[in-house]
Amino acid sequence: SYLLFLAVGLSGFKTRRLPILLIAVQLTVLFVFWVSPRFHREDWRNLTADIHTVAGNPRIYIPSREQNPGLLYYGIEESRIFEPPKDPIIGDTIYYVRYAEELFDVAKLGQANLSKAGYTIMSQKVYPGIQLDVYEK
């Protein structure tokens, strides 16, 4: 609709050069916005690609299973996704996706349960809108 308003507004110009130039600039900016991962809300694709490169099938913990569609869409099996406050913590390496943690785990019980179970953070990786913590026993 914005481009429609722009086109109507530019139709009053006597020359065609300026309106065509402004529309071309607008379309270029929109293309860069849509294609560049830097402007995406959450980068689930790269997060799951990094998880897929890990040998074996690591367990993935997330503050709420209600927030797992990004993981499911990019091929993480639902049987590998758990909630640390509710589900038992099993395995040598745990991947904790800190997505919407401030909404679903305000008290940070997930991180506390991982620490209480003897896990420590070995690495962290930040993606646009998401953080991945790797815990090991």
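For the structure itself, look to the data block above.
What counts and what doesn't
Residues numbered from 1 in each chain as written. Predicted model: local features only at pLDDT ≥ 70, side-chain atom pairs only at ≥ 80, totals over all residues. Heavy atoms only, no water. Core = buried A, V, L, I, M, F, W, Y, C linked by side-chain atoms within 4.5 Å. Buried < 20%, exposed > 50% of the residue type's maximum accessible area, 1.4 Å probe, protein only. Contact = heavy atoms within 4.5 Å. Pairing = 2+ DSSP bridges. Helix = DSSP H or I, 4+ residues; strand = E, 2+ residues; numbered from the N terminus. Axes fitted to C-alpha atoms, helices over the stretch in contact; angles between N-to-C directions. Phe/Tyr/Trp six-rings, centres within 6.5 Å; stacked < 30°, edge-to-face > 60°. Lys NZ or Arg CZ within 6 Å of the ring centre and 35° of its normal.

Observations concerning the nonpolar core
- Trp-44, Leu-47, Leu-71 and Val-97 are the most contacted members of the largest nonpolar core, which totals 16 residues.
- Apart from the residues lying within four places of it in its own chain, the contact partners of Leu-71 are Trp-44, Leu-47, Thr-48, Ile-60, Ile-62, Ile-76 and Ile-81.
- Tyr-61, Ile-94, Tyr-96 and Tyr-119 belong to the second largest nonpolar core, which has eight residues in total.

A word on the sheet that holds strand β1 (residues 59-61)
- In spatial order, the strands read β2-β1-β3-β5-β4; together these five strands make up an open sheet with mixed pairing. One side of each edge strand has no neighbouring strand; the edge strands of this open sheet are β2 (81-82) and β4 (120-127).
- Examined bridge by bridge, β4 and strand β5 (residues 130-136) share seven bridges and lie antiparallel to one another. Among the inter-strand pairings, Lys-125 is bridged to a residue of β5, identified as Leu-132.
- Taken strand by strand, helix α6 (residues 109-116) contacts β3 (93-98) and β5, and its axis lies near 165° from that of β3.

Remarks on the side chain of Asp-87
- Mapped onto the secondary structure, Asp-87 falls in the loop between β2 and β3.
- Asp-87 sits in the buried class, given a relative accessible area of 17%.
- Those residues within four positions of Asp-87 in sequence are excluded, and the remaining contacts are Arg-65 and Phe-82.

Describing the environment of Gly-91
- Position of Gly-91 relative to the elements: it lies in the loop between β2 and β3.
- By relative accessible area, which is 30% here, Gly-91 ends up partly exposed.
- Once the C-alpha coordinates of Gly-91 and Gln-124 are considered, the two residues, 33 residues apart in sequence, prove to be 18 Å apart.
- The residues touching Gly-91, leaving out its near neighbours within four places in the chain, are Tyr-119 and Lys-137.

Re the packing of aromatic side chains
- Evaluation of the coordinates by the stated rule reveals five aromatic pairs.
- Note on Tyr-73 and Tyr-74: the rings are 4.9 Å apart at their centroids and 90° apart in plane angle, and the pair reads as edge-to-face.
- When its relative accessible area of 67% is taken as the criterion, Tyr-73 is described as exposed.
- Take Tyr-74: its relative accessible area is 28%, and that puts it in the partly exposed class.
- Both rings, one in Tyr-96 and one in Tyr-135, keep their centres 6.4 Å apart while their planes meet at 75°; by these two values the pair is edge-to-face. Here Tyr-96 is found in strand β3, whereas its partner Tyr-135 is found in strand β5, with 39 residues between them in sequence. The exposure classification of Tyr-96 matches that of Tyr-135, with both residues buried.
- A cation sits over an aromatic face here: Arg-59 above Phe-82, 3.6 Å from the ring centre.

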